[in-house]
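What the coordinates show
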Amino acid sequence: MKSLVKITIIALIFASFVSCQNKSRPNYQFMPNMYEPVGYETYSESQAFRTGVEAQLPVEGTVPRGHTPFDYKNTIEDFMLAKANLKSPLDSTQVDLIEAKVLYDIYCAICHGTKGDGQGNLVKREKILGIPRYDDIGRAITEGSIYHTIYYGKNTMGSYANQLNEEERWQVVAYVLDLKANLEK
């Protein structure tokens, strides 16, 4: 009987130690500097760099991942150069007019209309005026002029370079040219 009482007491003591253990994190850290990160302030002073601050500029000439530099600037001269020289890198097998229509309907149709006739919902409600048709004689739009306009914006239209990646912009260009051809029939 005495041994049963001893075993029960030992089991209770052991259970109390085990139940107090926190299983969500280690009990002991032998090298805490390897577990706990050192928080550096972005603009704090540092002896590690020649400039004396933690924040460093990217190396000259670097390009962010996924970004393709656009060689034309946001000027009228470069717009005319793009209009004359810039061509789509997509061939006819890479153009997906169904996906391009989805993108066009999301970003462009609200002003330009689903047919490219300049009669989008904002124009019909007279929120924006003066949206021309794609088949206007004086416009003579090309792949390059459409892409430049999507990239930088023009007049009251803002840039869509942040909303559409390069391939999506070229898809929309192909769709706009398709709408233009349908309007000219």
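First, a word on scope: everything that follows refers to the structure included in this document. Note that the structure is a prediction, hence the values are computed from the model and not measured.

**Some remarks on the pattern of salt bridges**
- Tallied over the entire structure, the rule returns 3 salt bridges.
- Ionic pairing is found between arginine 133 and aspartate 135, a salt bridge with its closest N-O pair at 3.0 Å.
- Residue glutamate 184 is joined to lysine 180 by a salt bridge in which the shortest nitrogen-to-oxygen separation is 3.9 Å. On the criterion of helical spacing, the pair formed by glutamate 184 and lysine 180 is a turn pair, its members being 4 residues apart in helix H8 (residues 166-184).

**Brief notes about the packing of aromatic side chains**
- A full pass over the atoms with the stated rule returns 10 aromatic pairs.
- Between phenylalanine 70 and tyrosine 147 the ring centres are 5.3 Å apart and the planes differ by 55 degrees, which places this aromatic pair in the tilted class. Of this pair, phenylalanine 70 sits in the loop between helix H2 (32-35) and helix H3 (76-85) while tyrosine 147 sits in helix H7 (residues 143-152), and the two are 77 residues apart along the sequence. Residues phenylalanine 70 and tyrosine 147 agree in their burial class; the two are buried.
- Here tyrosine 151 and tyrosine 152 contribute two aromatic rings whose centre-to-centre distance is 4.9 Å and whose plane-to-plane angle is 80 degrees, an arrangement assigned as edge-to-face.
- Residue class for tyrosine 152 comes out partly exposed when judged on its relative accessible area of 24%.
- Connected via pairs of aromatic rings, a cluster forms that spans Phe70, Tyr72, Tyr147, Tyr151, Tyr152 and Trp170.
- Above the face of the phenylalanine 79 ring, lysine 154 is positioned so that its terminal group lies 3.5 Å from the ring centre.

Calculation criteria
- Residues numbered from 1 in each chain as written.
- Predicted model: local features only at pLDDT ≥ 70, side-chain atom pairs only at ≥ 80, totals over all residues.
- Heavy atoms only, no water.
- Salt bridge = Lys/Arg side-chain N within 4 Å of Asp/Glu carboxyl O.
- Helix = DSSP H or I, 4+ residues; strand = E, 2+ residues; numbered from the N terminus.
- Phe/Tyr/Trp six-rings, centres within 6.5 Å; stacked < 30°, edge-to-face > 60°.
- Buried < 20%, exposed > 50% of the residue type's maximum accessible area, 1.4 Å probe, protein only.
- Lys NZ or Arg CZ within 6 Å of the ring centre and 35° of its normal.

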